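Residues per chain, in single letters:
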Amino acid sequence: MPTALAADPAVSRLHSPVIAWFEAHARDLPWRRPDAGPWGVMVSEFMLQQTPVSRVLPVYEQWISRWPRPADLAKEAPGEAVRAWGRLGYPRRALRLHGAAVAITERHGGDVPTQHAQLLALPGIGEYTAAAVASFAYGQRHAVLDTNVRRVFARAVTGVQYPPNATTAAERKLARALLPEDEATAARWAAASMELGALVCTARNEDCGRCPLAEHCAWLAAGKPAHEGPARRGQTYAGTDRQVRGKLLAVLREAVHPVPQAALDRVWDEPVQRARALDGLVADGLVEPLPDGSYRLPLT
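Summary of the structure given here. In this text the structure is predicted, and so the values were computed from the model without any measurement. (Residues numbered from 1 in each chain as written. Predicted model: local features only at pLDDT ≥ 70, side-chain atom pairs only at ≥ 80, totals over all residues. Heavy atoms only, no water.)

Now for the nonpolar core. In this structure, Trp 39, Met 42, Met 47, Trp 63 and Leu 97 are the most contacted members of the largest nonpolar core, which totals 50 residues. Of all elements in the fold, only helix H4 (37-48), helix H5 (53-66), helix H7 (78-85), helix H8 (92-107), helix H10 (127-138), helix H15 (241-254), helix H16 (261-265) and helix H17 (271-283) reach the threshold of two or more residues within this core. When residues no more than four places from it in sequence are discounted, the contact partners of Trp 63 are Trp 39, Val 43, Met 47, Leu 73, Ala 81, Ala 84, Trp 85 and Leu 97. (Core = buried A, V, L, I, M, F, W, Y, C linked by side-chain atoms within 4.5 Å. Buried < 20%, exposed > 50% of the residue type's maximum accessible area, 1.4 Å probe, protein only. Helix = DSSP H or I, 4+ residues; strand = E, 2+ residues; numbered from the N terminus. Contact = heavy atoms within 4.5 Å.)

If you want it as structure tokens, here you go:
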């Protein structure tokens with residue numbers, strides 16, 4: 001049954017212009033093509049978390065070429081997933097994707113499950129990824145809330161420049177209320193609102209002159225008031241443990257054989273931070289220590 005907000009004509013007017021804009025301006029991305037299938041959609045969703053499309057594209061193509069089905073990945077050691085992940089960052093996503101592939105192979109005969117609850121039950125898959133795969137791969141009606149969608153809704157409907165730092169219950173309620181009732185239209189709306197946030201209603205330098213929601217946007221109508229909440233700090237990388245972890249993993253990815261401690265010691269001069277980063281990689285299951293003091297990517 002439609003909610004009061006969804007039934008509001010002012011809200012329903014948002015759908016058609018955004019979907020029409022998407023039909024004309026959507027990027028031709030490999031995971032959007034029919035031959036990508038549900039597995040291609042799932043792989044892309046894991047890779048795109050906190051990572052730009054330009055960095056994902058070459059890794060995605062190599063990944064799908066090597067492992068076109070979940071069972072192909074499941075047969076490999078998890079360390080191979082970490083190796084193939086390259087420099088996408090946040091490499092625990094590679095382990096989670098490998099774990100999901102194993103579960104899909106064991107529980108679902110190698111086919112990505114169709115139901116949201118089944119997707120959510122897979123290891124490494126949270127609410128966002130389950131909704132995204134159900135929507136983008138199977139055309140189902142789910143609220144798909146990534147950073148881009150949250151920003152579009154914050155501006156167009158709520159009238160503020162940025163959404164909260166973490167997704168709130170109010171945002172989820174709004175996203176559900178904004179869903180078109182028709183399942184196929186809802187799936188298209190999810191993809192279209194996400195693309196709008198990625199290409200036009202961006203975090204910086206939003207292009208309101210190109211936006212299909214300009215005449216309906218509450219934030220624009222209010223004169224684009226500046227953000228009044230806590231300062232939004234960009235992520236730092238240089239000198240962090242995350243950078244050290246990346247350098248250590250780069251050595252292990254490129255190695256055919258286990259890597260001695262001395263080779264890892266050359267990666268970073270500061271021994272305490274280096275040891276902390278290496279310990280973190282071991283604790284996260286990304287690196288396996290061997291009895292002789294060497295290290296390798298995990299085999300199990």
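Still more to cover.
Here the focus is the packing of H4 against H8. Relative orientation of the contacting elements H4 and H8 amounts to 155 degrees, with a least axis distance of 10 Å. On the basis of the axis angle, H4 is roughly antiparallel to H8. As for the relative orientation of H4 and H8, their crossing is right-handed in sense. The segment H4 lies against H8, with Trp 39, Met 42, Val 43, Phe 46, Met 47 and Leu 48 engaging Arg 93, Arg 96, Leu 97, Ala 101 and Ile 104. (Axes fitted to C-alpha atoms, helices over the stretch in contact; angles between N-to-C directions. Parallel < 35°, antiparallel > 145°, perpendicular 65-115°, else oblique. Left-handed = near helix turned anticlockwise from the far one by under 90°.)

Their axes nearest at 9 Å, the elements H4 and H10 cross at an angle of 145 degrees. Relative to H10, H4 is oriented so that their crossing is right-handed. Contact residues: Pro 38, Val 41, Met 42, Glu 45 and Phe 46 in H4; Tyr 128, Thr 129, Ala 132, Val 133, Phe 136, Ala 137 and Tyr 138 in H10. Looking at the contact of H4 with H10 residue by residue, the classes come out as 10 nonpolar, one polar and one charged. (Nonpolar A, V, L, I, M, F, W, Y, C, P; charged D, E, K, R; others polar.)

With that out of the way, let us pick up the side chain of Ser 294. Mapped onto the secondary structure, Ser 294 falls in the loop between strand E1 (288-289) and strand E2 (295-296). The residues touching Ser 294, leaving out its near neighbours within four places in the chain, are Pro 258, Val 259, Pro 260, Glu 288 and Pro 289.

Another aspect to go through is helix H12 (residues 169-178). If you check which residues of H12 are buried, you get Glu 171, Leu 174, Ala 175, Ala 177 and Leu 178. An end-on view of H12 places all buried positions within 160 degrees of arc, on one side of the element. Opposite its buried face, H12 presents the exposed residues Ala 169 and Lys 173, each directed more than 90 degrees away. (Arc of directions from axis to C-beta.)

Attention shifts here to the environment of Glu 206. Position of Glu 206 relative to the elements: it lies in the loop between helix H13 (183-199) and helix H14 (218-221). On a C-alpha basis, the gap between Glu 206 and Leu 174 in space is 22 Å, while along the polypeptide they are 32 residues apart. Those residues within four positions of Glu 206 in sequence are excluded, and the remaining contacts are Arg 155, Val 200, Cys 201, Trp 219 and Lys 224. Side chain to side chain, Glu 206 and Lys 224 meet in a polar contact 2.8 Å long. (Polar contact = N/O pair within 3.5 Å; in protein donor to acceptor, adjacent residues only side chain to side chain.)

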